[in-house]
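Below are the chains, spelled out letter by letter.
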Amino acid sequence: MHTTLRNLFAAALAAGFIPHGAAFAQSAGCAISRDAGARQVLNCPGGVKVTAEAGASFRLADRNHDGSPDSASLRRKAILVDVDSSQHTGGFQVVTPQAIAAVRGTQWAVDVAGGKTSVLVVRGSVAVRRTAGEPVVLSPGEGVDVTSSTEPLVVRRWPAPRVAALLARLGQ
């Protein structure tokens, strides 16, 4: 019976009957709501909160099977991840086509658009790297733009208008 339900769920997801991000968030045990801007807000076990911009394409995963998501795969648009390290054991990472951003406990935004991944740290620190390559570490107010090039990643303090624009898209 359990296998049949799982197969029906997978078929509904593949057919597009279930929103891409919502389906995996529900399987990760998250409570899902929508805010006034049509953003998905996922409150998950273990102190993980994910706010997804309307139309974002992402999936959450619980790779270590502890009941709390520990990674997100983001393909389009932006998410804001808030991980409470006092509740969440282990790290959390966001994987995009261009980059991997990983933390222990912090708040940060990741945006995928136009062949580029942009990462901004709101609180804490985040290590960002290409799928192959050396990481850079971002502190609050710093960001990095990651493309598929082989140029070294450059950490920059983002100007206030850029920070405000990204966070506004995420209801902040």
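Residues numbered from 1 in each chain as written. Predicted model: local features only at pLDDT ≥ 70, side-chain atom pairs only at ≥ 80, totals over all residues. Heavy atoms only, no water.

Next up on the list: the pattern of salt bridges. For the structure on display, the rule yields six salt bridges. Between Arg169 and Glu53 there is a salt bridge; the shortest N-O distance is 2.7 Å. Placement of Arg169 in helix H3 (residues 160-169) and of Glu53 in the loop between strand S3 (48-52) and strand S4 (57-61) is noted, with a sequence separation of 116 residues between them. Arg63 is paired through a salt bridge with Asp70; the nearest N and O atoms lie 3.1 Å apart. A residue is classified by how much of its surface remains accessible, and Arg63, at 48% relative accessible area, is partly exposed. Taken together, the shared-partner salt bridges connect Glu53, Asp111 and Arg169 into one network. (Salt bridge = Lys/Arg side-chain N within 4 Å of Asp/Glu carboxyl O. Helix = DSSP H or I, 4+ residues; strand = E, 2+ residues; numbered from the N terminus. Buried < 20%, exposed > 50% of the residue type's maximum accessible area, 1.4 Å probe, protein only.)

Take the pairing of strand S10 (residues 126-129) next. Along S10, the buried face is formed by Val126 and Val128; none of Ala127 and Arg129, which line the opposite face, is buried. Where strand S7 (residues 100-103) lies against S10, three bridges are found, and the strand directions are antiparallel. Bridging from a neighbouring strand, Ala102 pairs with Ala127 of S10. Count of turn residues in the S10/strand S11 (residues 136-138) antiparallel hairpin: six residues, of which Gly133 carries a positive phi of about 145 degrees. (Pairing = 2+ DSSP bridges.)

Ranked by internal contacts, the top residues of the largest apolar core, which has 31 residues, are Leu60, Ile79, Phe92, Val94, Trp108, Val119 and Val128. Excluding residues that lie within four positions of it along the chain, Phe92 makes contacts with Val48, Leu60, Pro69, Asp70, Ser71, Ala72, Val81, Val83, Ala101, Ala102, Val103 and Trp108. (Core = buried A, V, L, I, M, F, W, Y, C linked by side-chain atoms within 4.5 Å. Contact = heavy atoms within 4.5 Å.)

Read these as spatial facts, not as claims about activity.
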